Amino acid sequence: MAALPVIDIATMHHEPHYTSIDCGVYGSIANNLELLIPQCEQSAWSANEIAALREKMLAALAYPNGDGIGPQEVVVLAGIEARNAGVDPRITVDAGAHMFSAMAFWNCNEPMDVLISNGLATMAFALPAAIAAALHEPERPVIAITGDGGLLMCLGELLTAVQQRTRIIVIVLNDGSLSLIDIKQQQREMQPRGVRWERPDFAEIMNGFGGRGFRVSETSDYEKALVEAFREPGPVLIDVVIDPHGYPQQIKALRG
Ligand SMILES: Cc1ncc(C[n+]2csc(CCOP(=O)(O)OP(=O)(O)O)c2C)c(N)n1
């Protein structure tokens, strides 16, 4: 890790566990930044250097091709089909191995275009956050990107989404596992314990709640489901049976 001074800029002082702070600036972030920025030197980084670094990071995070649909493909195709449909969805992202592809490969333009529980990183965030975002701005579609474990923790909220007629698309990356924890167990050479199950059929569950559910395991079916989903006014769920084999490599690239 690089030995660099850490400046903590936050609304409130809270000692983070992942670093030690050399200097803290607390209070209104906007006001404090306004005061600080004029005192800072221009960054020595050029726009080209930043772009090259970004490309390098994305290439390192690329999800390796396998037998089925991978998480990177899930995220990238959702972006392409949104553009084809002429919409600019907000996304919400859950906690788990799927979040790395969501955060790396979704392009956004404005603050609040992507909502994630950062730091606390709680599971079962993406679906309720998507409902709240859709109620806040009903015309703008919201995509909730979640793992099957996170969705199982808040399944009843699918009914809330139906009752409230929210314009949300829940994309569940269904791998029948708490992959992030499963991988940590494997890294420690432990037996898999309490982290795997038969992949549930979330499309059936969504249909049972009165929403629209699709279950896909082929790229072409996923694309068709996305086209339908962006046409729907009410909530849709796309249950994507994914190939999780590349998660360990991706996590290694990110966390070392
Ligand atoms: C409420 C809560 N419980 C436990 C955790 C610890 N945790 C982080 S990721 C994860 C597994 C997530 O599994 P899943 O939703 O299936 O996503 P995947 O890792 O398979 O992509 C767990 C248990 C957490 N972040 N939040």
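Our subject in this report is the structure included herewith. (Residues numbered from 1 in each chain as written. Predicted model: local features only at pLDDT ≥ 70, side-chain atom pairs only at ≥ 80, totals over all residues. Heavy atoms only, no water.)

A closer look at the pairing of strand 3 (residues 90-93)
Neither face of strand 3 is open: one carries R90 and T92, the other I91 and V93, and all of them are buried. Summarising the sheet, strand 3 and strand 5 (residues 142-147) pair through four bridges and their orientation is parallel. For V93, the partnering residue across the bridge sits in strand 5 and is I145. Of the strand pairs in this sheet, strand 3 and strand 4 (residues 114-116) are connected by three bridges, and their pairing is parallel. Looking across to strand 4, one finds that T92 is bridged to L115. You can see the chain leave strand 3, run along helix 4 (residues 98-105) and come back into strand 4, and the turn it takes is right-handed. (Buried < 20%, exposed > 50% of the residue type's maximum accessible area, 1.4 Å probe, protein only. Helix = DSSP H or I, 4+ residues; strand = E, 2+ residues; numbered from the N terminus. Pairing = 2+ DSSP bridges. Right-handed = clockwise from strand over helix to strand, strands pointing away.)

Re the sheet that holds strand 7 (residues 212-216)
Reading across from one edge, 4-3-5-6-8-7 is the order of the six strands in this open sheet, with parallel pairing throughout. Strands with a single pairing partner mark the edges of an open sheet, and in this sheet they are strand 4 and strand 7. The mean inter-strand angle of the sheet, taken between neighbouring strand axes irrespective of direction, is 15 degrees. Packed onto the sheet, helix 3 (residues 71-84) meets strand 5, strand 6 (168-174) and strand 8 (236-241) and runs at close to 165 degrees relative to strand 6. (Axes fitted to C-alpha atoms, helices over the stretch in contact; angles between N-to-C directions. Contact = heavy atoms within 4.5 Å.)

Examining the side chain of E81
Here E81 lies in helix 3. For the buried E81, no salt bridge exists, and the shortest N-O distance to an oppositely charged side chain is 8.5 Å, to R231. In this structure, E81 is in contact with E223, L226, V227 and F230, ignoring residues within four places of it in sequence. (Lys, Arg positive; Asp, Glu negative; His and termini not counted. Salt bridge = Lys/Arg side-chain N within 4 Å of Asp/Glu carboxyl O.)

Topic: the packing of aromatic side chains
Scanning all chains against the criterion turns up one aromatic pair. A ring pair is formed by Y63 and Y247, whose centres lie 5.6 Å apart and whose planes are at 80 degrees; its orientation type is edge-to-face. Separated by 184 residues along the polypeptide, Y63 in the loop between helix 2 (47-61) and helix 3 and Y247 in helix 11 (residues 247-255) bring together distant segments of the chain. Both residues of the pair, Y63 and Y247, belong to the buried class. (Phe/Tyr/Trp six-rings, centres within 6.5 Å; stacked < 30°, edge-to-face > 60°.)

Some thoughts on the site of the ligand
Around the ligand, a shell composed of 18 residues is seen, among which A97, H98, A121, G149 and G150 lie nearest. G150 has a polar backbone atom sitting 2.8 Å from an oxygen atom of the ligand. Between S179 and the ligand, the recorded distance is 3.0 Å, taken from a backbone N or O atom to an oxygen atom. For the ligand, the protein covers 78% of the area, taking 590 Å² as the surface of the free molecule. Each residue belonging to the shell around the ligand can be placed in one class, and the counts come to eight nonpolar, eight polar and two charged. (Near = heavy atom within 4 Å. Polar contact = N/O pair within 3.5 Å; in protein donor to acceptor, adjacent residues only side chain to side chain. Areas by Shrake-Rupley, 256 points an atom, 1.4 Å probe, with all protein chains shown as cover. Nonpolar A, V, L, I, M, F, W, Y, C, P; charged D, E, K, R; others polar.)

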